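Spelled out, the chains give:
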Amino acid sequence: MRKITSILLTGAVCLSLAGCSVKSPRKLFRYAQRTYGDCELIDTEESDDYTRIVVRDNLQGFEYEVVSGMYDLSIDGSSFGSVEDTRSSFNSALKEYVFGEVQDELEDICEDAGVEGSQDSFCLWLIRCDDEQAGIDAALECAGILQEYNLDNRMDDWEIVVQAYHAYNEYGDKRYGSVVLPDIEWVSHEQETANSFLDTARMIADTDDVELVGVEVKTFADTGLDIERVAQTTYQAYPTSDDSPVTFYYFETGDGKQFYVCDFLYYVNDYYESEWYNTFEGTR
């Protein structure tokens, strides 16, 4: 059966690749307008392997590029030729434009607050501090400035993150929390984690109609599980004994189903895969 499935998949891939080619400049321009808004075509470049266009955004005036190229496709170590993919520098160009306008102001806010602010590849703006409240106040003020440039909600979900200067642990920097555009509201690290598990619970229950109803820290022994089946994750703490602390996130669906999700990964299906331990529709 596995071989038949592999043959069918290979055939489907080959069929999907038939006739694949890079997009024309006209198609790329339409893609840019449809995806990012009105723009003006500035330049085009074409070859057998790629098409590149440069456009100017009409709303905020910065330029960015969109590229259609052929990229190698491999499945289970086998090569199936190339497939077309369209990529854009819109987000990085928008970020560069915004900071060209406001970086000095953001740095002045952080300096006045006695914290350190800088651009970061993992978030919109990173604030490091020893005084958590000073970091929170600076983050909220910086978010207010940045939100003024969030036209057409293009920067929604971009974060201003606050973390400690030197409070490192084995899992990385101590994170205090964040402000997420377009809201100018502080979200603590504990709330960020709870929000993340709410998203996980919604995926587990396969519905958005799920509510977080409680959070409780207990021990691994309270789960009644086998410690040997706990996945040893690299970048996150995990229980190593019955006394290890475990956070239980309790949820309820719109139709009244109650379950909880724990903050560790647990092996299921004879150790072939792991998932956040949960009791939705019974413990496995």
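Residues numbered from 1 in each chain as written. Predicted model: local features only at pLDDT ≥ 70, side-chain atom pairs only at ≥ 80, totals over all residues. Heavy atoms only, no water.

### Some words on the packing of aromatic side chains
So the rule is basically this: Stacked, edge-to-face and tilted are the three classes for Phe, Tyr and Trp ring pairs, Trp counted by its six-membered ring, which pair at centre distances within 6.5 Å; planes under 30 degrees apart are stacked, over 60 edge-to-face, the rest tilted. Note on geometry: a ring has a charge over it if NZ (lysine) or CZ (arginine) is within 6 Å of the ring centre and within 35 degrees of the ring normal.
Overall, the coordinates contain 21 aromatic pairs when judged by the stated rule. Here a set of aromatic residues connected by ring pairs shows up, and it is made of Tyr31, Tyr36, Phe62, Tyr64, Phe90, Tyr97 and Tyr149. When the ring centre of Phe248 is taken as reference, the NZ or CZ atom of Lys218 above it lies at 4.9 Å.

### Things to note about the confidence of the model for the protein
Rules: Scored between 0 and 100, pLDDT is the confidence that the predictor attaches to each residue. A contact between two residues is defined here by any heavy atoms of the two lying within 4.5 Å.
Here the protein shows a mean pLDDT of 89. Residues at 70 or above account for 87%. Note on residues 1–19: pLDDT under 50 across the span, and 10 contacts to partners over four residues away in sequence or across chains.

### Remarks on the pairing of strand E2 (residues 50–57)
The side chains of a regular strand alternate between both faces of the sheet. To keep things clear, this is the line we draw: By definition, two strands form a pair when at least two bridges between them are found by DSSP. Helix and strand definitions follow DSSP, with helices as H or I runs of at least four residues and strands as E runs of at least two, each counted in order from the N terminus.
When strand E1 (residues 39–46) meets E2, the two strands line up antiparallel, connected through seven bridges. What sits directly across from Glu40, in E2, is Arg56.

### Details of the packing of helix H3 (residues 90–113) against helix H4 (residues 132–147)
For the record, the criterion: Angular values range over 0 to 180 degrees, each being the angle between N-to-C directions of two axes fitted as lines to C-alpha atoms, with helices fitted over their stretch in contact. Roughly parallel covers angles under 35 degrees, roughly antiparallel covers those over 145, roughly perpendicular covers 65 to 115, and oblique covers all other angles. By definition, any crossing whose near helix is turned counterclockwise from its far helix by less than a right angle is left-handed, and any crossing with a clockwise turn is right-handed.
Where H3 meets H4, the axes come as close as 10 Å, and the angle between the chain directions of the two elements is 155°. By the angle class used here, H3 and H4 are roughly antiparallel. Seen along the crossing, H3 lies across H4 with a hand that is right-handed. The segment H3 lies against H4, with Val98, Val102, Glu105, Leu106, Ile109, Cys110 and Ala113 engaging Ala134, Ala138, Glu141, Cys142, Ile145 and Leu146.

### Overview of the sheet that holds strand E12 (residues 258–268)
Reading across from one edge, E10-E11-E12-E13 is the order of the four strands in this open sheet, with antiparallel pairing throughout. Either end of the sheet is taken by a strand with one partner, and the two such strands are strand E10 (210–219) and strand E13 (273–278). Going from strand to strand, the sheet's axes swing by 30° on average, the running direction of each strand aside. By the bridge criterion, five bridges tie E12 to E13 in an arrangement that is antiparallel. The partner of Val268 across the bridge, within E13, is Glu273.

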